[in-house]
Each structure stands twice: as structure tokens, then as C-alpha cells.
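# A closer look at the structure
Each chain, written out:
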Amino acid sequence: MHDPSYPATRLAAEPDDASVIANSRHEPEWFSVIFDRYFTAIHRYAAARLGSGAADDVAAETFLAAFDQRDRYDLTRPEARAWLYGIATNLIGRHRRGELRLYRALSRSAARDDVEGHADRVTDRVTAEQLSPRLARGLQGLSRGDRDALMLVACAGLSYAETASALNIPIGTVSSRVNRARAKLREALGHVAKEV
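Residues numbered from 1 in each chain as written. Predicted model: local features only at pLDDT ≥ 70, side-chain atom pairs only at ≥ 80, totals over all residues. Heavy atoms only, no water.

Helix and strand counts for the protein chain stand at 10 helices and zero strands. Its helices and strands in sequence order give the protein chain the pattern α-α-α-α-α-α-α-α-α-α, from N to C terminus. Across the 196 residues of the protein chain, 43% fall into the buried class. As displayed, the protein chain offers around 10400 Å² of accessible surface, 52% of which is attributable to carbon and sulfur atoms. (Helix = DSSP H or I, 4+ residues; strand = E, 2+ residues; numbered from the N terminus. Buried < 20%, exposed > 50% of the residue type's maximum accessible area, 1.4 Å probe, protein only. Areas by Shrake-Rupley, 256 points an atom, 1.4 Å probe, with all protein chains shown as cover.)

Turning our eyes to something else, we now look at the packing of aromatic side chains. Summed over the entire model, instances satisfying the criterion amount to six aromatic pairs. Relative to Phe67, the ring of Phe31 has its centre 5.5 Å away and its plane inclined at 75°; by these criteria the two rings are edge-to-face. Of this pair, Phe31 sits in helix α2 (residues 31-50) while Phe67 is found in helix α3 (residues 52-68), placing the two residues 36 residues apart along the sequence. Residue class for Phe31 comes out buried when judged on its relative accessible area of 6%. By relative accessible area, Phe67 is classed as partly exposed at 26%. Between Tyr45 and Tyr85, the aromatic rings sit 5.3 Å apart at their centres with planes inclined by 80°, giving edge-to-face as the arrangement. (Phe/Tyr/Trp six-rings, centres within 6.5 Å; stacked < 30°, edge-to-face > 60°.)

Okay, structure coming up:
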């Protein structure tokens, strides 16, 4: 699945992420280009994993950490997408209890009427209505590694190679984790999960 907010191609005059990050090492304001390119997608990924309440914090922390680590960015990688998702996934790991609490709550009830604000309702619709109680229970039962790999592929739309880069693991490990997670989710969902 490709993230529609991520530009498939950039204008020829637009610098790649590595160039932007390199420039930001001497002129920090350049980093705002990275923020503008990826914030919405990173926020959406965090919201899918943790709910709307923690997504603002995780997305902001992701870009703060990336800014702080920009001197260590591998400039041979023209796109920072996988790097940013890796940072976000690590931060989500710190919020693991919140993610598991969200899945437990969603497993009890897929509908939530107590949410205030349009943005929260939209995010809730993405997480709660599309995440059936059985799917939430299935996600809760996955190991952290399997869940991270699956969510990067399924929610963030990263390729296996990008997921491997984000998690700093071999691509074969990504494939194994995603296949194992899908099998466990199919089992948790029973006959409903033909396309998970």
C-alpha cells in the first residue's frame, strides 16, 4: 500500500531529502522541508498505532529526534522516509502500554461515541471503525517485532526494503515477521480475514 500523502515523484528542481538534511546541518531552517514533507504521514501512522491522543506527541518527538540526529543521517540515502518511520516506531515502543491499551479498548468496542472534536472523530474512525474488536485482539497478541513490521507495511505503506531500513533488520526478517503476523491475524479473525 502506498501512502498517498507521500510524493511518488518530486519536481526535478526540488532537492532530495539527503540534500535537505545536509543543508540543515549548517542552516537548521532547511529541516522544515523534511517536516513539511513527512509530518502528516508520520502523524497518521502514530495515530493508527496509538490513537489520536498520543499521535501529536509522537509525531513532534519524531521530528525533534530526527533534527537532533541529522548529523548522523546517512547522506547516501536520498529519501528520509524509512529513517523517520524508524524513529517513530522506536518512540511508539516507548508508548507500548498505550498502544496495547488502545487495542484492548478497541477489542471491547469498535464504536466510540464519546470523542470530541472533528479531527479526533476522523482519527477514531480510521482506528476504531476499521479496526474490528477481533483485529484489535489479534494485534494485541502479536510480538512487538511482528507488530512493528506489519504496521510499517500495512499502515505506513513502506516496502519491505524500507521497513528493513526503518527497523535496522534484514529484509528477510521483515518478510518473516509480516508473514507470521498475517498468519496470526488470519487465525484471530477466522474466516473473515481472507485478505489480511
